[in-house]
Amino acid sequence: MAEVILMPRLSDTMTEGVIAAWHKKVGDPVKKGELLAEVETDKATMELESYKDGTLLHIGSAKGGKLQVNDLLAIIGAPGEDISSLISGSGNAAAPAPVAAIPAAPAEAKAETTAAKTASPADADEVVLMPRLSDTMEAGVIAAWHKKVGDAVKKGEVLAEIETDKATMELESYKNGTLLYIGAEKGEKIPVNALLCIIGEKGKVDVDGIVAAVKAGGSAPVATATAPKEAAATATVATVAASAEPAATNNGRVKASPLAKKLAKEKGIDISHISGSGDGGRIIKADIDHYQPAAAPAAPTTVSAAAPETKATVPAFTPIAGQEGYTDIPNSQIRNVIAKRLAESKFTAPHFYLKMEINMDNAMTARAQLNESSPVKISFNDLVVKAVAMALRQHPAVNASWMGDKIRRHHHVHIGIAVAIEDGLIVPVVRFADQKTLPQIAAESKELAGKAKNKKLQPNEFSGNTFTISNLGMMDIEEFTAIINPPDSCILAVGRIREIVVKKGDGFAVSNVMMLTLSCDHRSVDGATGAAFLQSVKKFLEQPITMLL
């Protein structure tokens, strides 16, 4: 009897999947354990295996098609079997069959999402859509193309760099061919599932027809620049000296070599005021080396003509030409997502705050002793991560997410650590932090922070957090409150360690204290629950040896 296979839920946040590839076609025999298809979820591309022997009688969507969770994916049965009732009933005539999923390695995000061919599935052309490279990504900005139209492309070669809301990621080609069309130029924004490019055999593909058919077929249109050009580029009202021509820009991006940008930053030069001598006005190293800022006009000084004993008058103030003004800076993808998600969190989740002072004297002593033997330097933040992870194990109600009609308590402890980067904020995740040693947490935290600042984090490295820590102690902030990072129910704000005078015995002594502030979502965490959790964190930090038991 034929059995129906429905689109499985392959991640905790998945609502739909895109067919990245079919490894079998209708009529092919299928054996148990054989690879049926590859499905792109919201977090990774997963392989789906067959759970039984039979013949593939029906597929629910062609390559590049999108299916909701529990939609009809495929039907496997005997050759020639009547499956019309199963197709018309969308699988209701048979119990949905499970499909074994083997997670694909999430180390690299590849451009494997392709649109269904408009001519024939057997054609050599491939329509590549903008993939969803993070769980919150809605659009991507083309940071760079490594190939141009007409270039030969080999499987595995980097096609482009895409700036998402969390990182800049490389997209690789999954096949050999020629790049026949690109859907957006460098600096342009393109929505998820919009036409990114076409790779095929030159001279044998109707590119114009495919582009028209893909757009008419329901794919998101390719994003174009907003109407006023001023909104796409940085608009500077302040007037600069006439001798300094503005640098060539492309949709708000200054055209300059990486070395030129580095030198300008080191010398404190505003690169937008430099005229480039390279191709197309591109700024090169020589332009930085020979740059001379325009001299500001000297302010006139007026001296009284009275007798020598008369004091000189105060020089009149003369503003520098163009000093009054402003600069409009277009939002990056990361900044847009931060604004959207944290606004939703602040105005949707009822926040309340709990503060607790921690005596860090023993923690400071323990850290010094640990660093004498640890292969990597352990920071105070690493101690906080370990203490929080162990406290979450004791208080599972805090390690939870509000799901609308239910509260989800996580069995694993994944700690997100907020990291400030140039474009905003990103939260790398230390997974299973409660099970790792302090040196392991320290090494992983440093590696993730470095990747975050270089925009090299992979999707699995900044998703899946169950609790978040934000530490501003290294910037001399004594205490602050943080906004909850969805889907977490809580976030812990960590201040700096400061010295205070306390009474000890008959005299006084100096003690080191640190302020912790816990922001809680009152829908899922009550005040007493949050307070009990903070007491456990306090115990672990004030008696660090308990974290080693």
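Structure: see above.
Residues numbered from 1 in each chain as written. Predicted model: local features only at pLDDT ≥ 70, side-chain atom pairs only at ≥ 80, totals over all residues. Heavy atoms only, no water.

1. Some points on the nonpolar core
Next, step 1: If you look at the biggest cluster of nonpolar residues, it comprises 50 residues, and the most contacted ones within it are V388, I415, F467, L492, L518, F533 and L541.
Next, step 2: A per-element tally of this core places helix 8 (residues 380–394) first, with 9 residues.
Next, step 3: Core analysis: the second largest hydrophobic core is formed by 23 residues, Y174, A184, L196 and I199 among them. (Core = buried A, V, L, I, M, F, W, Y, C linked by side-chain atoms within 4.5 Å. Buried < 20%, exposed > 50% of the residue type's maximum accessible area, 1.4 Å probe, protein only. Helix = DSSP H or I, 4+ residues; strand = E, 2+ residues; numbered from the N terminus.)

2. Overview of the environment of N460
Next, step 1: Within the secondary structure, N460 sits in the loop between helix 9 (438–453) and strand 30 (467–471).
Next, step 2: Taking relative accessible area as the criterion, N460 reaches 29% and is therefore assigned partly exposed.
Next, step 3: When the C-alpha positions of N460 and R431 are compared, they lie 9.9 Å apart, and in sequence the two are 29 residues distant.

3. Here's the deal with the side chain of T55
Next, step 1: Here T55 shows up in strand 6 (residues 54–59).
Next, step 2: Owing to a relative accessible area of 12%, T55 belongs among the buried residues under this scheme.
Next, step 3: Not counting residues within four places of it along the chain, the set of residues in contact with T55 comprises G27, D28, P29, V30, I75, I76, G77 and P79. (Contact = heavy atoms within 4.5 Å.)

4. Brief notes about the sheet that holds strand 6
Next, step 1: One open sheet accounts for 4 strands, arranged 1-8-6-3; its pairing is antiparallel. The open sheet has two edge strands with one neighbour each: strand 1 (3–6) and strand 3 (29–30).
Next, step 2: Pairing of strand 1 with strand 8 (residues 72–77) involves 4 bridges; the strand directions are antiparallel. If you follow E3 over to strand 8, its bridge partner there is I76. (Pairing = 2+ DSSP bridges.)

5. So, the packing of aromatic side chains
Next, step 1: Throughout the structure, instances matching the rule amount to 1 aromatic pair.
Next, step 2: Both rings, one in F467 and one in F533, keep their centres 5.5 Å apart while their planes meet at 50°; by these two values the pair is tilted. Residue F467 is found in strand 30, and its partner F533 is found in helix 10 (residues 527–542); the two are separated by 66 residues along the sequence. You'll find F467 and F533 in the same group, each marked buried. (Phe/Tyr/Trp six-rings, centres within 6.5 Å; stacked < 30°, edge-to-face > 60°.)

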